[in-house]
Amino acid sequence: MKQYLQSPRLISTFLTKHLFMLLFALFAFAQQGIAQITVAPGTGFNLDGQGGGIYATRPTGADFSVGTLEFVLQVVSETNTGAVIDLDADGNREIVVQTVGNNASSSTQTRLYIFEAEGNNDFRRRSTILIPQGTNVVVGNSLMRGVDVGNIDGDANLEIVAMSGNGTNSFMTIYDINTVTFAFTELINKSVFGTGGLFTTSGTVNQLKIVNNKNGSANNDIILSNATGSSASTHLFAVEYNGSAIAFVNTTAANSGVLVGGGVLAFDHANLGDAADEELVMVTESVTTPLVIQEYVTSATAPFGTAKTITTNWTGTTGGSTTT
């Protein structure tokens with residue numbers, strides 16, 4: 001130490017070296033205090049788990065009527081255009097998580113969460129809402145699911161569209177999101193299957209996707225897949241939000257939907273390059289033709305075009321939807 005005090009140059013070197021070490025130690029200490037994904041208040045909401053499903057312990061104040069488990073149904077990280085979700089335009093992306101609470105007394109409720117990236121591989125919960133509509137059922141018993149993010153009313157902001165309920169009492173809910181507080185504001189809540197719904201019979205909406213407008217008004221369209229519906233033309237159908245109501249893009253179900261392989265279990269959309277229209281790539285309940293590709297086109301009577309030729313489709317070994 002004495003030699004440092006006798007030389008100004010050595011003093012400078014000593015201070016620089018130890019100041020760097022001090023700053024490094026403070027930075028490391030600060031990093032240790034940053035929480036992982038949490039749904040405060042209450043226990044941690046950890047998006048992990050393998051094989052048996054992704055689930056989390058129900059957080060305190062989650063407003064589920066009964067139960068201890070909250071299962072993650074879907075996580076959305078991009079808008080319908082493929083852009084990152086950045087609701088407040090601050091450069092940090094958000095993800096939207098759809099969950100359902102489950103317990104032995106047959107009570108389920110659907111909830112939405114918005115998490116924002118913190119820039120250090122962590123996410124912070126910004127807001128959450130319990131979807132108030134839909135008869136509760138056991139998970140897997142015609143449970144409605146599906147959520148997407150996109151602009152469906154023609155304004156400058158993104159909306160969140162989600163399904164809730166079950167096969168005979170299901171609802172589509174559309175939310176505006178406050179770009180400062182991330183608070184949910186319900187624009188509309190509409191019955192899809194059941195009394196007063198778009199269909200009076202039962203069904204199972206497995207997914208919904210917001211796609212570029214092709215039919216109806218100038219607003220983007222919403223396509224839903226149905227695996228077990230008994231109504232004609234309900235395996236895949238298109239609706240829109242016109243600012244005051246959710247309605248079929250071509251007025252009626254028959255002119256806005258199509259039957260596909262006994263039911264559609266899952267689908268996604270993309271322009272595969274053969275035309276200006278987007279293709280819908282579907283996994284169906286058919287063992288002989290489990291993979292189906294059709295275009296979503298402009299048409300007043302048949303918005304889902306003829307199925308594309310797939311050179312070598314795969315086939316299941318047994319019947320039933322779980323095969324595919």
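In the block above lies the structure referred to throughout.
Throughout, a residue's number is its position along its own chain's written sequence, starting from 1. Confidence filtering applies because this is a predicted model: local features only for residues at pLDDT of at least 70, side-chain atom pairs given and counted only at 80 or more, and all residues used for totals across whole chains, interfaces and linings. Water and hydrogen atoms play no part in the side-chain values, which are based on all heavy atoms of the structure.

### Notes on the nonpolar core
So, step 1. Among buried residues, those of type Ala, Val, Leu, Ile, Met, Phe, Trp, Tyr and Cys that are joined through side-chain atoms within 4.5 Å constitute a nonpolar core. Exposure categories follow from relative accessible area, calculated using a 1.4 Å probe and restricted to protein chains: below 20% of the type maximum is buried, above 50% is exposed, and the middle band is partly exposed. Counting 22 residues, the largest nonpolar core has Met172, Ile222, Leu224 and Val239 as its most contacted members.
So, step 2. Comment: elements are numbered from the N terminus, with helices defined as DSSP H or I runs of at least four residues and strands as E runs of at least two. Where this core is concerned, the elements lending two or more residues are β7 (159-166), β8 (169-177), β10 (205-211), β11 (221-226), β12 (236-241) and β13 (246-248).
So, step 3. Counting residues in hydrophobic clusters, the runner-up holds 16 residues, among them Leu112, Ile129, Ile131 and Phe184.

### Brief notes about the layout of surface pockets
The rolling of a water-molecule-sized probe over the atoms marks out the regions of remaining empty space.
So, step 1. Put plainly, a pocket is an open set of points on a 1 Å grid over the protein atoms alone with protein on both sides within 12 Å along at least five of seven lines, a cavity is a set where a 1.4 Å probe fits but cannot get out, and a lining residue has an atom within 4 Å of a point. Grid points are joined across faces, edges and corners, and a volume is the space filled by probe spheres set on the points. Quantified by volume, the largest pocket comes out at close to 210 Å³.
So, step 2. As for the largest pocket, its lining consists of 14 residues, and the residues nearest its centre are Glu78, Thr79, Asp148, Lys209 and Asp268.
So, step 3. Sorting the residues of the lining of the largest pocket by element identifies β2 (69-76), β6 (147-150) and β15 (264-270) as the ones contributing at least two each.
So, step 4. Each residue gets one of three labels, nonpolar for Ala, Val, Leu, Ile, Met, Phe, Trp, Tyr, Cys and Pro, charged for Asp, Glu, Lys and Arg, and polar for the others, Gly among them. When its residues are assigned to classes, the lining of the largest pocket shows three nonpolar, seven polar and four charged.
So, step 5. Each pocket or cavity is described by its volume, and for the second largest pocket that value is around 180 Å³.
So, step 6. Looking at the second largest pocket, the residues that line it are Leu73, Gln74, Arg145, Asn206, Gln207, Leu265 and Ala266.
So, step 7. Elements that contribute at least two residues to the lining of the second largest pocket include exactly β2, β10 and β15.
So, step 8. In terms of residue class, the lining of the second largest pocket is built from three nonpolar, three polar and one charged.

### Considerations on the sheet that holds strand β9 (residues 184-191)
So, step 1. An order of β6-β7-β8-β9 is seen for the four strands of this open sheet, with the pairing classed as antiparallel. Of all strands in the sheet, those bounded by a partner on one side alone are β6 and β9. In this sheet, adjacent strand axes meet at a mean angle of 20° when their direction is disregarded.
So, step 2. Where β8 meets β9, seven bridges bridge the pair, whose relative direction is antiparallel. If you follow threonine 173 over to β9, its bridge partner there is asparagine 189. Two strands form a pair only when DSSP identifies at least two bridges running between them. Axis definition: a line fit to C-alpha positions, over the contact stretch in the case of helices; interaxial angles, taken between N-to-C directions, run 0 to 180 degrees.

### Some remarks on the pattern of salt bridges
So, step 1. Throughout this description, the term salt bridge denotes a Lys or Arg side-chain nitrogen within 4 Å of a carboxyl oxygen of Asp or Glu. What the rule picks out here adds up to four salt bridges.
So, step 2. For glutamate 116, the salt bridge goes to arginine 126, with nearest N and O atoms at 2.4 Å. Here glutamate 116, found in strand β4 (residues 110-117), pairs with arginine 126, found in strand β5 (residues 123-130); they are 10 residues apart in sequence, far enough to count as distant.
So, step 3. Overall, the relative accessible area of 3% leaves glutamate 116 in the buried class.
So, step 4. On the basis of relative accessibility, which here comes to 24%, the residue arginine 126 falls in the partly exposed class.
So, step 5. Across the salt bridge formed by aspartate 277 and lysine 214, the nearest N and O atoms sit 2.7 Å from each other. Taken together, the residues aspartate 277 in the loop between β15 and β16 (278-284) and lysine 214 in the loop between β10 and β11 connect sequence positions 63 residues apart.

### Some points on the side chain of threonine 110
So, step 1. Mapped onto the elements, threonine 110 comes out in strand β4.
So, step 2. A contact between two residues is defined here by any heavy atoms of the two lying within 4.5 Å. When neighbours within four sequence positions are excluded, threonine 110 is seen to be in contact with Gln98, Thr99, Val100, Ile129, Leu130, Ile131, Met163 and Ser164.

### Focus on the sheet that holds strand β17 (residues 291-296)
So, step 1. An order of β15-β16-β17 is seen for the three strands of this open sheet, with the pairing classed as antiparallel. Unpaired on one side and paired on the other, β15 and β17 mark the two borders of the sheet. When the angles between neighbouring strand axes are averaged without regard to direction, this sheet yields 25°.
So, step 2. By the bridge criterion, six bridges tie β16 to β17 in an arrangement that is antiparallel. Residue valine 281 lies in a different strand from β17, and its bridge partner there is isoleucine 293.

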